[in-house]
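# Examining the three-dimensional arrangement
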Amino acid sequence: IVISISVENSKTVAFQTYGCKLNFAETSSISKNFLDKGYEIVDFKETADVYVINSCTVTDNAEKRCKEAVRRAKRLNPNAKVALVGCYSQLRPKELESFKNVDIILGNKEKFNLLNHLESHSESCFTSNELILKDNSFSPAYSIDDRTRTFLKIQDGCDYYCTFCAIPFARGRSRSDTIANTIKQAEEVVAQGQKEIILTGVNIGTFGKGSEENLFGLLKEMEKIEGLERIRISSIEPNLLTDEIIDYTAQSTKILPHFHIPLQSGNDELL
């Protein structure tokens, strides 16, 4: 995400995001906190007072890129505060504490409080993997940039615990907001001139889990939003793509007729 806004006599902050669309939505929400405090957001290639890396940990290469971004930030401004937040920080905080170029490390729960940590000069903070699995809180987020579409976070976490996947330990269990609150977020996005909303999360097909609500119900309510022209489902697991969602999409005038259906493995034993 690159956002450029000029603010006189302000501190500067730069953001670098790795990984999924959900990370991009969350980075955008975190950046709004800095804007509200009078920060100027600059490109990550420029000199800044604060550098924020929203990290990914799904592969070794993703972790290496995060470390490279930290080193690059310190080269640009050795006196800058460098924050590494997100999934990598959540899963391997002890490893990162020995990485001398990082000033603050925040896991997925605390990263939304990054500005408070910086202003209070508090220590790095992460929620242990054990506690994040018990966390039922949901932090809404959406991306706003120079495009006409937005990544809207509708869900977080996953309950599948596939053998090869660390995401449940980095993100916690599946959880989401209510349909009513999600629609409010979507209307806020549309009011800012966005025409297309991409629904994103870790496992969005489980939206509403633990309640009487579900993704199908959310889609029907989203179609009613005035000014919203296009709705896209970013990714959905094959077992959660129901016939009613397929049939509804086929006759919809707003939901785009395209599904990204991931197949991690066709082998039950491996999964």
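Scope of this entry: the structure provided in the associated data block. All values derive from a computational prediction rather than experimental measurement.

What follows is about the sheet that holds strand E7 (residues 149–153). With mixed pairing, the four strands of this open sheet are ordered in space as E6-E7-E10-E11. Only two strands of the sheet have a single neighbouring strand rather than two, namely strand E6 (141–142) and strand E11 (230–233). Examined bridge by bridge, E7 and strand E10 (residues 196–200) share five bridges and lie parallel to one another. In the sheet register, Lys-153 faces E10, and the bridge partner there is Thr-200. Contacts from helix H9 (residues 215–222) reach E7, E10 and E11 within the one sheet, and its direction differs from that of E10 by about 170°.

Counting buried positions along strand E4 (residues 81–86) yields five of six residues, so the element is predominantly enclosed. Examined bridge by bridge, strand E3 (residues 50–55) and E4 share six bridges and lie parallel to one another. By the bridge assignment for E4, Asn-54 is matched with Val-85. In this view, the connection linking E3 to its parallel neighbour E4 by way of helix H2 (residues 60–76) has right-handed handedness. As paired elements, E4 and strand E5 (residues 104–106) share three bridges and run parallel to each other. Looking at the pairing, Val-85 lines up with Leu-106 of E5.

The next subject is the packing of aromatic side chains. For any pair of aromatic rings, geometry is given as the distance between the ring centres together with the angle between the planes. Counted according to the given criterion, the structure contains five aromatic pairs. Ring centres of Phe-15 and Phe-34 lie 5.6 Å apart, and the angle between their planes is 85°; this geometry places the pair in the edge-to-face category. Linking Phe-15 in strand E1 (residues 12–17) with Phe-34 in helix H1 (residues 21–36), this pair joins segments that are 19 residues apart in sequence. In this pair, the class of Phe-15 matches that of Phe-34, namely buried. Every member of this aromatic cluster is reached through a ring pair, and the members are Phe-15, Phe-34 and Tyr-39. Over the ring of Phe-99 we find Lys-67, and its NZ or CZ is 5.6 Å from the ring centre. Across the ring face of Phe-138, the terminal group of Lys-153 is positioned such that the distance to the ring centre comes to 5.0 Å.

Another point: the environment of Ala-141. With respect to the helices and strands, the residue Ala-141 is situated in strand E6. Its relative accessible area of 0% is what places Ala-141 among the buried residues. Sequence-wise, Ala-141 and Glu-26 are 115 residues apart; in three dimensions their C-alpha atoms are separated by 5.3 Å.

Attention now goes to the environment of Arg-232. Within the secondary structure, Arg-232 is located in strand E11. Each C-alpha atom of the pair Arg-232 and Leu-76 lies 38 Å from the other, and the pair is 156 residues apart in sequence. Apart from the residues lying within four places of it in its own chain, the contact partners of Arg-232 are Arg-149, Glu-196, Ile-197, Ile-198, Leu-199, Leu-256 and His-258. Only 3.1 Å separates the side chain of Arg-232 from the side chain of Glu-196, close enough to count as a polar contact.

In this section: the pairing of E7. Regular strands place side chains that alternate from one sheet face to the opposite one. Within E7, four of the five residues are buried, leaving the element largely enclosed by the surrounding structure. Here E6 pairs with E7 via two bridges, running antiparallel. Bridging from a neighbouring strand, Tyr-142 pairs with Leu-152 of E7.

A few words now on the nonpolar core. Counting residues in each nonpolar core, the largest one holds 28 residues, and the members touching the most others are Ile-197, Leu-199, Leu-215 and Met-222. Residue assignment for this core shows that the elements contributing at least two residues are helix H8 (179–191), E10, H9, E11 and helix H10 (243–251). Formed by 21 residues, the second largest nonpolar core is a distinct cluster that contains Tyr-51, Ile-53, Cys-56 and Ala-80.

The next point concerns the pattern of salt bridges. Taken as a whole and judged by the stated rule, the model has 17 salt bridges. Here Glu-26 makes a salt bridge to Lys-153, at a shortest N to O gap of 2.7 Å. Here Lys-153 lies in strand E7 and Glu-26 lies in helix H1, a separation of 127 residues in the sequence. For the pair Glu-26 and Lys-153, one class covers both residues: buried. As a salt-bridge pair, Arg-230 and Glu-229 come within 3.5 Å of each other at their nearest N and O atoms. Judged by relative accessible area, which is 26%, Arg-230 ranks as partly exposed. Salt bridges sharing common partners tie together Glu-26, Lys-111, Lys-153, Asp-156, Arg-171 and Arg-175.

Definitions and cut-offs
- Residues numbered from 1 in each chain as written.
- Predicted model: local features only at pLDDT ≥ 70, side-chain atom pairs only at ≥ 80, totals over all residues.
- Heavy atoms only, no water.
- Pairing = 2+ DSSP bridges.
- Helix = DSSP H or I, 4+ residues; strand = E, 2+ residues; numbered from the N terminus.
- Contact = heavy atoms within 4.5 Å.
- Axes fitted to C-alpha atoms, helices over the stretch in contact; angles between N-to-C directions.
- Buried < 20%, exposed > 50% of the residue type's maximum accessible area, 1.4 Å probe, protein only.
- Right-handed = clockwise from strand over helix to strand, strands pointing away.
- Phe/Tyr/Trp six-rings, centres within 6.5 Å; stacked < 30°, edge-to-face > 60°.
- Lys NZ or Arg CZ within 6 Å of the ring centre and 35° of its normal.
- Polar contact = N/O pair within 3.5 Å; in protein donor to acceptor, adjacent residues only side chain to side chain.
- Core = buried A, V, L, I, M, F, W, Y, C linked by side-chain atoms within 4.5 Å.
- Salt bridge = Lys/Arg side-chain N within 4 Å of Asp/Glu carboxyl O.

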